[in-house]
Amino acid sequence: MLDDPTPVPHDPAQPAAAPYRWHEHRNADAWTWASAVAIAAELRRDLARRPRARLLLSGGTTPAPVYRALARAPLDWARVDVALVDERWLQPSDPDSNAWLVRSNLLRDNAAMSRFESLTRPGHGMEEAVAFANAHARQHASAAVLGMGEDGHTASLFPGMAALDRVLASRQPYVAIDAGGSPGARQWSKRISLTPAGLAFAQSRFLLIQGKAKRDVFRQAMADGDAKRWPVLLAMQGEVPLDVHWCP
Ligand SMILES: O=C(O)[C@H](O)[C@@H](O)[C@H](O)[C@H](O)COP(=O)(O)O
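Since this is a predicted model, take the numbers as computed values, not measurements.

J.: Whenever I open this one, the site of the ligand confuses me. Can you help?
T.: The environment of the ligand is made up of 14 residues, and the closest members are Thr61, Thr62, His153, Ala155 and Lys214. With respect to the ligand, the side chain of threonine 62 contributes an N or O atom lying 2.4 Å from an oxygen atom. The contact in question runs from an oxygen atom of the ligand to an N or O atom on the side chain of arginine 191, over 3.3 Å. In the complex, the protein chains occlude 90% of the 420 Å² of accessible area that the ligand would expose alone. Among the cavities detected, the one that contains the ligand is the largest pocket. Of the residues that constitute the shell around the ligand, the class distribution is two nonpolar, eight polar and four charged.

The following block contains the structure:
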């Protein structure tokens, strides 16, 4: 089950001293288990030296199998806080919310013992929700798990989004997002997202992507280098290299 991932970095497009490590897996099963093992290793490392570990998770359609595999990892989950990288402006009871995805796929098996912080809750308006998130966010996070859209967005940071400059310059870990007009946000234009400042609290970062189209987008982003056009590049700012797990 949770054996060694031994990921093989072999992306010919990767420059020396790259701000990311490319882990290529032969199929979705290998990708799932290797990603889960790598994330569990970060949690285990923190649990050995800190009273609690903290895990930040994304939504989307891609990461569910990884969350289900991770939920089976033999960790002291009672000492793990699970929070979200971003959330659509939906209540946790909505099946389209990222909270729902995390509850259904991670908060089960061994990980049922963890403590979950949702970004939205009944009776809280957007400002209150963001303030609440920021009150909890200024602390070390063991790992942040990110996804990427084919438009190059990550978290809820969309290319061409109205207030992108303000969001990128924010010193707050979380901000309210209005992504109206960004097709990648689909019908959920109101969101809450981690900012680059918030991501800086994460000691490790994982980007979980599948398929040739996303690999090409990632390469295009790296070649272009404009983080406003390709917000996924924001995951590579600072000292921490981004671990990219990819499979066809
Ligand atoms: O709530 C969200 O929409 C996300 O957290 C978002 O950043 C997601 O990770 C990407 O959109 C990739 O989504 P897919 O895995 O569905 O391609």
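We are not done yet, so read on.
J.: I tried to follow the sheet that holds strand β8 (residues 190-194) on my own but got confused; where do I start?
T.: Sheet strands pair via backbone hydrogen bonds, and the direction of the pair is either parallel or antiparallel. Spatial ordering of the open sheet is given by β4-β8-β7, a layout of three strands whose pairing is antiparallel. The open sheet has two free edges, formed respectively by β4 (86-88) and β7 (174-178), since each of these has just one partner strand. Neighbour to neighbour, the strand axes of the sheet diverge by 20° on average, direction disregarded. Judged from the three bridges that link them, β4 and β8 form a sheet pairing that is antiparallel. Bridging from a neighbouring strand, aspartate 86 pairs with serine 193 of β8. Strands β7 and β8 of the sheet are contacted by helix α4 (residues 126-137), whose axis makes an angle of about 150° with β7.

J.: Can you walk me through the pattern of salt bridges in this structure?
T.: If charged atoms from side chains of opposite charge come close, those side chains can pair. For the coordinates displayed, the defined rule picks out 14 salt bridges. Notably, a salt bridge pairs aspartate 81 with arginine 115, separated by 2.7 Å at the nearest N-O pair. Taken together, the residues aspartate 81 in strand β3 (residues 80-84) and arginine 115 in strand β5 (residues 115-116) connect sequence positions 34 residues apart. According to the relative accessible area criterion, aspartate 81 is buried, its value standing at 6%. Arginine 108 is paired through a salt bridge with aspartate 109; the nearest N and O atoms lie 3.6 Å apart. The exposure class assigned to aspartate 109 is partly exposed, which follows from its relative accessible area of 44%. Overlapping salt bridges, with partners in common, bring together Arg52, Arg54, Asp81, Arg115 and Glu117 in one network.

J.: Could you clarify how one ought to interpret the layout of surface pockets in this entry?
T.: Empty space among the atoms becomes visible once a probe the size of a water molecule is rolled across them. Here the largest pocket is characterised by a volume of approximately 380 Å³. Forming the boundary of the largest pocket are 25 residues, of which Gly60, Arg88, Met148, Gly149 and His153 lie nearest the centre. Within the residue set of the lining of the largest pocket, elements represented by two or more residues are β4 and β6 (143-146). Among the residues making up the lining of the largest pocket, the classes are represented as eight nonpolar, eleven polar and six charged.

About the criteria used
- Residues numbered from 1 in each chain as written.
- Predicted model: local features only at pLDDT ≥ 70, side-chain atom pairs only at ≥ 80, totals over all residues.
- Heavy atoms only, no water.
- Near = heavy atom within 4 Å.
- Polar contact = N/O pair within 3.5 Å; in protein donor to acceptor, adjacent residues only side chain to side chain.
- Areas by Shrake-Rupley, 256 points an atom, 1.4 Å probe, with all protein chains shown as cover.
- 1 Å grid on protein atoms, 1.4 Å probe; cavity = no way out; pocket = protein on both sides within 12 Å on 5 of 7 lines; lining within 4 Å.
- Sits in = over half its atoms within 2 Å of the grid points.
- Nonpolar A, V, L, I, M, F, W, Y, C, P; charged D, E, K, R; others polar.
- Pairing = 2+ DSSP bridges.
- Helix = DSSP H or I, 4+ residues; strand = E, 2+ residues; numbered from the N terminus.
- Axes fitted to C-alpha atoms, helices over the stretch in contact; angles between N-to-C directions.
- Contact = heavy atoms within 4.5 Å.
- Salt bridge = Lys/Arg side-chain N within 4 Å of Asp/Glu carboxyl O.
- Buried < 20%, exposed > 50% of the residue type's maximum accessible area, 1.4 Å probe, protein only.
- Points joined across faces, edges and corners; volume = space filled by probe spheres on them.

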